[in-house]
Amino acid sequence: MSEFLLKPRIRFGEDALGILEQQSARSALLVTDKAMIEFGLADRVTRIWRQRGIAFQIWDDVVADPDIATVVRGMKLMDASYPDLVVALGGGSVIDAAKAVIFALAQMRSATPRGRPCFIAIPTTSGTGSEVTAFSVVKAGVEKLVLVDPSLLPDIAVLDPSLTLSVPPAITADTGMDVLCHALEAYVSRTASDFTDALAEKAVQLVFRYLPACWRSGNNQQAREKMHNASCMAGIAFTNASLGITHSLAHALGGIFRIPHGRANALLMAEVVGWNAGEARDTEAARKYARLAQLLGLPADSTHQGVASLLTAIRTLKDEMAMPGGIRDVGINDADFEQRLPELVNQALRDGCTPGNPRTPDAETLTHLYRQAWTGSQDGPAAQGY
Ligand code: NAD
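Since we're looking at a predicted model, the values are computed, not measured.

Engineer: So what exactly am I meant to see when it comes to the pattern of salt bridges here?
Structural biologist: If the charged atoms of two oppositely charged side chains come close together, the side chains can form a pair. Inspection of the entire model under this criterion finds 16 salt bridges. Residue Arg 263 pairs with Asp 174 through a salt bridge whose shortest N-O separation is 2.7 Å. Here Asp 174 lies in helix α5 (residues 169–188) and Arg 263 lies in helix α9 (residues 261–277), a separation of 89 residues in the sequence. Among the charged side chains, a salt-bridge network with shared partners connects Lys 7, Arg 116 and Asp 155.

Engineer: Is there a simple way to think about the side chain of Thr 32 in this case?
Structural biologist: Along the chain, Thr 32 turns up in the loop between β2 (27–31) and α1 (34–38). Of note is the side chain of Thr 32, whose polar atom sits 2.8 Å from the backbone oxygen of Leu 89. In this structure, Thr 32 is in contact with Ile 37, Ile 58, Trp 59, Asp 60, Asp 61, Val 62, Leu 89 and Val 94, ignoring residues within four places of it in sequence.

Engineer: What should I look at first to understand helix α6 (residues 194–216) in this one?
Structural biologist: Side chains that are three or four residues apart share a direction in an α-helix, a result of its 3.6 residues per turn. Compared with an ideal rise of 1.5 Å per residue, which puts 23 residues at 33 Å, α6 spans 34 Å between its outermost C-alpha atoms and is within 8% of the ideal. The largest bend in α6 amounts to roughly 40° and is located at Tyr 210, with the proline Pro 212 lying one to four residues further along.

Engineer: Help me out: how do you make sense of the pairing of strand β7 (residues 143–148) in this one?
Structural biologist: Sheet topology note: the strand β6 (residues 135–140)/β7 ladder contains six bridges and is antiparallel. Counted as the bridge partner of Val 138 is Leu 145 from β7. Between the antiparallel neighbours β6 and β7 lie two residues, among them Gly 141 with a positive phi of about 65°.

Engineer: Hey, could you run me through the packing of aromatic side chains in this one?
Structural biologist: The relative placement of two aromatic rings is captured by the distance of their centres and the angle of their planes. On inspection of all chains with the given rule, the structure shows five aromatic pairs. Measuring from centroid to centroid gives 5.5 Å for Phe 135 and Phe 238, while their planes differ by 50°, and the two rings are tilted. Here Phe 135 is found in strand β6, whereas its partner Phe 238 is found in helix α7 (residues 221–241), with 103 residues between them in sequence. The pair formed by Phe 135 and Phe 238 is uniform in burial state, with each residue classed as buried. Both rings, one in Phe 337 and one in Tyr 370, keep their centres 6.4 Å apart while their planes meet at 80°; by these two values the pair is edge-to-face. Of this pair, Phe 337 sits in helix α12 (residues 334–350) while Tyr 370 sits in helix α13 (residues 363–375), and the two are 33 residues apart along the sequence.

Engineer: What exactly am I supposed to notice about the site of the ligand here?
Structural biologist: Taken together, 30 residues sit near the ligand, with Asp 65, Ser 93, Asp 96, Thr 125 and Thr 133 positioned nearest. The backbone of Gly 92 places a nitrogen or oxygen atom 2.8 Å from an oxygen atom of the ligand. Between the ligand and Asp 96 there is a distance of 2.7 Å, counted from a nitrogen atom to a side-chain nitrogen or oxygen. Protein contact buries 89% of the 870 Å² of open area that the ligand shows by itself. For the shell around the ligand, the secondary-structure elements that each account for two or more residues are α1, α4 (92–108), β6 and α5. For the shell around the ligand, the per-class residue count stands at 12 nonpolar, 12 polar and six charged. No fewer than three residues from each of domain 1 (9–164) and domain 2 (169–382) sit in the shell around the ligand.

Engineer: What am I meant to see in α4 here?
Structural biologist: With 17 residues, α4 should cover 24 Å at 1.5 Å per step; its first-to-last C-alpha distance of 24 Å lies within 8% of that length. For α4, the buried fraction is high: 12 of the 17 residues fall into the buried class. Listed as buried for α4 are Gly 92, Val 94, Ile 95, Asp 96, Ala 97, Ala 98, Lys 99, Ala 100, Val 101, Ile 102, Ala 104 and Leu 105.

Engineer: In this structure, what is going on with the sheet that holds β2? I would like to understand it.
Structural biologist: Neighbouring strands of a sheet are bound in pairs by backbone hydrogen bonds; such pairs are parallel or else antiparallel. Strand order in this open sheet of six strands is β1-β8-β5-β4-β2-β3, and the pairing throughout is parallel. Across the chains shown, the open sheet's two edge strands, defined by having one partner strand only, are β1 (9–12) and β3 (55–59). Each strand of the sheet is rotated relative to its neighbour by a mean of 20°, with strand direction disregarded. Bridge count between strand β5 (residues 118–123) and strand β8 (residues 156–159): two bridges; the pairing is parallel. Across the sheet, the residue bridging to Ala 121 is Ala 157, located in β8. The strands touched by α4 within the sheet are β2, β3, β4 (85–90) and β5, with β4 carrying the most contacts at an inclination of about 155°.

Engineer: Looking at this model, I keep getting lost on the state of the cysteines. Mind explaining?
Structural biologist: Two cysteines form a disulfide when their sulfur atoms are joined by a covalent bond. Applying the stated criterion across every chain yields a total of zero disulfides. Not part of a disulfide, Cys 181 finds its nearest cysteine sulfur in Cys 353, a span of 9.3 Å. We classify Cys 181 as buried; its relative accessible area is 0%. You can see Cys 214 has no disulfide; the closest cysteine sulfur is in Cys 232, sitting 15 Å from it.

Reading the values: rules and limits
Counting of residues starts from 1 at the beginning of each chain's written sequence and follows it residue by residue. Owing to the predicted nature of the model, reporting of local features is limited to residues with pLDDT of at least 70; listing and counting of side-chain atom pairs is limited to 80 or more, with chain, interface and lining totals taken over all residues. Values shown for side chains rest on all heavy atoms present in the structure; no hydrogens or waters enter the calculation. The salt bridge criterion pairs a side-chain nitrogen of Lys or Arg with a carboxyl oxygen of Asp or Glu, the two atoms within 4 Å. Going along the chain from the N terminus, every DSSP run of H or I of four or more residues is numbered as a helix, and every run of E of two or more is numbered as a strand. Throughout this description, a polar contact denotes any pair of N or O atoms lying within 3.5 Å of each other; where both atoms belong to protein, one of them has to be capable of donating a hydrogen while the other can accept it, and for residues adjacent in sequence the pair is counted only when both atoms sit in side chains. Should any heavy atoms of two residues lie within 4.5 Å, those residues are counted as being in contact. To estimate how far a helix should extend, the number of its residues minus one is multiplied by 1.5 Å. One fitted axis covers the seven residues ending at a residue, a second covers the seven starting there, and the bend at that residue is the angle between these axes. Paired strands, in this sense, are two strands between which DSSP finds at least two bridges. Pairs were defined over the aromatic rings of Phe, Tyr and Trp, the Trp ring being its six-membered one, requiring ring centres within 6.5 Å. Orientation was assigned from the angle between planes: stacked under 30 degrees, edge-to-face over 60, tilted for the rest. Any residue under 20% of the maximum accessible area for its type is buried, any over 50% is exposed, and the rest in between are partly exposed; the area is computed with a 1.4 Å probe on protein chains only. In this text, near means that some heavy atom of the residue lies within 4 Å of the molecule or strand in question. Note on areas: Shrake-Rupley, 1.4 Å probe, and residue coverage restricted to the protein chains presented here. Residue classes follow a fixed rule: Ala, Val, Leu, Ile, Met, Phe, Trp, Tyr, Cys and Pro count as nonpolar, while Asp, Glu, Lys and Arg count as charged, and any other residue, Gly among them, counts as polar. Start and end positions for the domains come from either an automated domain assignment or a database one. Every angle, taken between N-to-C directions, lies between 0 and 180 degrees, and every axis is a line fitted to C-alpha atoms, over only the stretch in contact when it is a helix. Disulfides are defined as cysteine sulfur pairs within 2.5 Å.

Function cannot be read off these values alone, since they describe shape.
Below, the structure is given as structure tokens:
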């Protein structure tokens, strides 16, 4: 038996933020970060609360890739202010921090009558899909832990593309590649279904069509809206279908070397697609990659050609946005990388995303994939099938 979970309620499009005008609350908490204050985005939420006479507090010191200390700070603040409405406004880091805080407090309060607050997630990047996923990623030391529980799902997700216009080009590229990675991994995962495939296919098409335009011109409203929708669709796909080893490898790489999540995925994605497709291109994953190439209008007369076309398209997309080709291009020292390789591989092997991958890797395979991604070589496993 399989299941496809549909939550939260999604409000999308221009002025989607207006839903806050209908939301009553005794006291509210805005979870956000300094950039949201600086860009005036937090003010768009608090202005509504002021007009409606809703008392509120702001927690604005969530850091990128939130760690346990951040979650504990948020728990203390939320426990003291006891809001009945929590709004997370920011990228995946902010939304994940809010999720983890609400989850942890709910566990602590299970013996008391205090209820869970209404939780609204408002993404300001088009990347993680965290507004619709049952996941929260929290760092413990250098390791990224993935919490998975349906109660992490927000009650309402607000997709207002105007909130993403200020995202700078490099973050647009990183987060956009994260969307592509979510869709590709959900599409070939062991638990993919017709439902998740439909969302993943649409998300992939939207990314290839609109991500370069967002990168070139941040003010392109239509492109921003399409990427925001793609991010959410890919999120629904992967929260139901799970992810794969691009994410496992990226979690370890990003955690140890402090690389933004989407960029880490982009560095590893083509290598993993090549390996999943198999040397003879005769796996189910290979056939699905070729089907995606067809949908994108790329040459795909055979599975072999379709996989090759998709790999070229991924690399071209990265190049178009001037993204680093290999791990060696993001400022990591060769000796450090080699020294930490066993730790990277161990973390990736036990990552929660590994079981969803269509092929089961061993330590040797993951070591090889990291080494190939070091150069991002065209002659690596992605091109050869490894
Ligand atoms: P992020 O939230 O870390 O934000 C990156 C940077 O962009 C920050 O400096 C932030 O202030 C800035 N920013 C955000 N919105 C902006 C805007 N509108 N204008 C200008 N600057 C803006 O990046 P992210 O990629 O959205 O989230 C990454 C985190 O999410 C990682 O920790 C990753 O592991 C996690 N993640 C979670 C899930 C999930 O399902 N919960 C899925 C994938 C990734």
